[in-house]
Amino acid sequence: MLRAINYCGLRVEYDFVKKNIKNINIRITPEGSISVSAPFRVPAETVDGFVEEKAEWIFRKMADIEKRREAMPDDVLRDGKEAFFLGRKYTIRLEEGNKFGVELGEGKITVSARNGDENLKAKYIKWLEKEAEPVFEQSLSDMMRLMDGYGIERPGLYIRNMKSRWGSCNNRQKRVGLNVQLIKADRDCIDQVVLHELAHFVHYDHGEGFYALLGKLMPDWKERKKRLETSYNDGII
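Note that this is a predicted model, so its numbers are computed, not measured.

## A look at the overall build of the protein chain
Part 1 of the reasoning: Looking only at helices and strands, the protein chain has six helices and eleven strands in total.
Part 2 of the reasoning: The C-alpha atoms of the protein chain give 20 Å as radius of gyration, which agrees with the globular expectation for 237 residues (18 Å, within 12%).
Part 3 of the reasoning: Principal-axis analysis of the C-alpha atoms places the extent of the protein chain at approximately 60 × 40 × 30 Å.
Part 4 of the reasoning: The buried share of the protein chain, reckoned over its 237 residues, is 45%.
Part 5 of the reasoning: Considering only intrachain contacts with a sequence separation of at least 6, the fraction spanning at least 24 residues in the protein chain is 50%.
Part 6 of the reasoning: Within the structure as shown, the protein chain displays about 13100 Å² of accessible surface, and the carbon and sulfur contribution to it stands at 47%.
Part 7 of the reasoning: Separation of charge centres in the protein chain, based on 41 positive and 38 negative side chains, amounts to 4 Å.

Right, dumping it as structure tokens:
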């Protein structure tokens, strides 16, 4: 069961399960998600309080995981790798050039760079962020029209490379964060993530009211979510 707490304006989501154990246990998975187990007799509200008490520790652990993952070598730009961009499949092609550049062509993404460029991954992510910004802003505008009448103001938008979630929201700062990797998906899937985050400004947790609102505004949100997780959830482009 997915639950969430509010810590200093940040929404902290965790997977909650009851087991035949004596104490409440918190585990941060290698992917950066939070898993909490508790004895059957312990109320969920008590577990929320426990997670809130451990929030600083949780943030430190998640930051450590992010640093380790960023330091790990990967084949983000391996020549011949298949990649998605706005729901379409492409093949990455690496070419040696005097300076960094990316060209989105018919069926391929051509990346030019100096041989041995150690900052190639960071430069490529920056390119993705630039390409994603107008798409995400348009999605935010479209989904805000769906939210008309619910009394929320248009939040700010920030984009970054996340390892374990597609989006997040900060109620206190009135901001929505989107994973740059979401640019892999088609617009319907992007809209589903954006609407999900906007709905949290009306219903903070994942209760019945939250899902009722999603179902009312986007009846096929489950199908979109499933397609996002099965078709595009393959790590960094």
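Picking up where we left off.
## Considering the layout of surface pockets
Part 1 of the reasoning: Roughly 490 Å³ of volume is contained in the second largest pocket.
Part 2 of the reasoning: In terms of lining residues, the second largest pocket is bounded by 23 residues, among which Phe59, Met62, Arg160, Arg165 and Ser168 are the most central.
Part 3 of the reasoning: Elements that contribute at least two residues to the lining of the second largest pocket include exactly β2 (10-19), α2 (55-71), β9 (156-160) and β10 (167-170).
Part 4 of the reasoning: The biggest single contributor to the lining of the second largest pocket is α2, with five residues.

## Digging into the packing of helix α3 (residues 120-146) against helix α4 (residues 187-199)
Part 1 of the reasoning: Between α3 and α4, whose axes approach to 9 Å, the crossing angle comes to 60 degrees. In terms of axis orientation, α3 runs oblique to α4. The crossing of α3 and α4 is right-handed. In this structure, α3 contributes Val135, Phe136, Gln138, Ser139, Leu140, Asp142, Met143, Met144 and Leu146 to the contact, and α4 contributes Arg187, Ile190, Asp191, Val194, Leu195 and Leu198.

## Describing the side chain of lysine 184
Part 1 of the reasoning: Tracing the backbone shows lysine 184 in the loop between β11 (175-179) and α4.
Part 2 of the reasoning: Residue classification places lysine 184 among the buried positions, given a relative accessible area of 2%.
Part 3 of the reasoning: A distance of 2.8 Å separates a polar atom in the side chain of lysine 184 from the backbone oxygen of tyrosine 232.

## Some remarks on the sheet that holds strand β6 (residues 88-96)
Part 1 of the reasoning: One open sheet holds the four strands; their spatial order is β5-β6-β8-β7, and the pairing between them is mixed. Of all strands in the sheet, those with a lone pairing partner are β5 (82-85) and β7 (101-105), marking the two edges. For this sheet, the mean angle separating the axes of adjacent strands, direction not counted, is 35 degrees.
Part 2 of the reasoning: Alignment of β6 against strand β8 (residues 108-113), held across six bridges, turns out to be parallel. Following the sheet pairing, threonine 91 is matched in β8 by lysine 108.
Part 3 of the reasoning: Contacting β5, β6, β7 and β8, α3 runs over the sheet at an angle of about 130 degrees to β8.

## Side note on unusual backbone geometry
Part 1 of the reasoning: Positive phi, close to 50 degrees, is recorded for leucine 86, a residue that is not glycine.
Part 2 of the reasoning: For leucine 86, the position within the fold is in the loop between β5 and β6.
Part 3 of the reasoning: You can call leucine 86 partly exposed: its relative accessible area is 32%.
Part 4 of the reasoning: With phi around 55 degrees, lysine 174 is a residue other than glycine that occupies positive phi space.
Part 5 of the reasoning: With respect to the helices, strands and loops of the structure, lysine 174 is situated in the loop between β10 and β11.

## Describing the nonpolar core
Part 1 of the reasoning: In this structure, Tyr124, Leu128, Phe136, Leu182, Leu198 and Leu228 are the most contacted members of the largest nonpolar core, which totals 48 residues.
Part 2 of the reasoning: Taken together, the elements giving at least two residues each to this core come down to β5, β6, β8, α3, β11, α4, α5 (208-217) and α6 (221-231).
Part 3 of the reasoning: For this core, the element with the most residues is α3, which contributes eleven residues.
Part 4 of the reasoning: In terms of nonpolar packing, the next biggest core, distinct from the first, is built from 19 residues, Ile5, Tyr7, Phe16 and Ile24 among them.

## Things to note about the packing of aromatic side chains
Part 1 of the reasoning: Applying the stated criterion to the full structure yields seven aromatic pairs.
Part 2 of the reasoning: Note on phenylalanine 84 and tyrosine 232: the rings are 5.2 Å apart at their centroids and 85 degrees apart in plane angle, and the pair reads as edge-to-face. Residue phenylalanine 84 is located in strand β5, and its partner tyrosine 232 is located in the segment after α6; the two are separated by 148 residues in the primary sequence.
Part 3 of the reasoning: Owing to a relative accessible area of 18%, phenylalanine 84 belongs among the buried residues under this scheme.

Definitions and cut-offs
Residues numbered from 1 in each chain as written. Predicted model: local features only at pLDDT ≥ 70, side-chain atom pairs only at ≥ 80, totals over all residues. Heavy atoms only, no water. Helix = DSSP H or I, 4+ residues; strand = E, 2+ residues; numbered from the N terminus. Rg over C-alpha atoms; globule rule 2.2 N^0.38 Å. Buried < 20%, exposed > 50% of the residue type's maximum accessible area, 1.4 Å probe, protein only. Contact = heavy atoms within 4.5 Å. Areas by Shrake-Rupley, 256 points an atom, 1.4 Å probe, with all protein chains shown as cover. Lys, Arg positive; Asp, Glu negative; His and termini not counted. Charge placed at Lys NZ, Arg CZ, Asp CG, Glu CD. 1 Å grid on protein atoms, 1.4 Å probe; cavity = no way out; pocket = protein on both sides within 12 Å on 5 of 7 lines; lining within 4 Å. Points joined across faces, edges and corners; volume = space filled by probe spheres on them. Axes fitted to C-alpha atoms, helices over the stretch in contact; angles between N-to-C directions. Parallel < 35°, antiparallel > 145°, perpendicular 65-115°, else oblique. Left-handed = near helix turned anticlockwise from the far one by under 90°. Polar contact = N/O pair within 3.5 Å; in protein donor to acceptor, adjacent residues only side chain to side chain. Pairing = 2+ DSSP bridges. Core = buried A, V, L, I, M, F, W, Y, C linked by side-chain atoms within 4.5 Å. Phe/Tyr/Trp six-rings, centres within 6.5 Å; stacked < 30°, edge-to-face > 60°.

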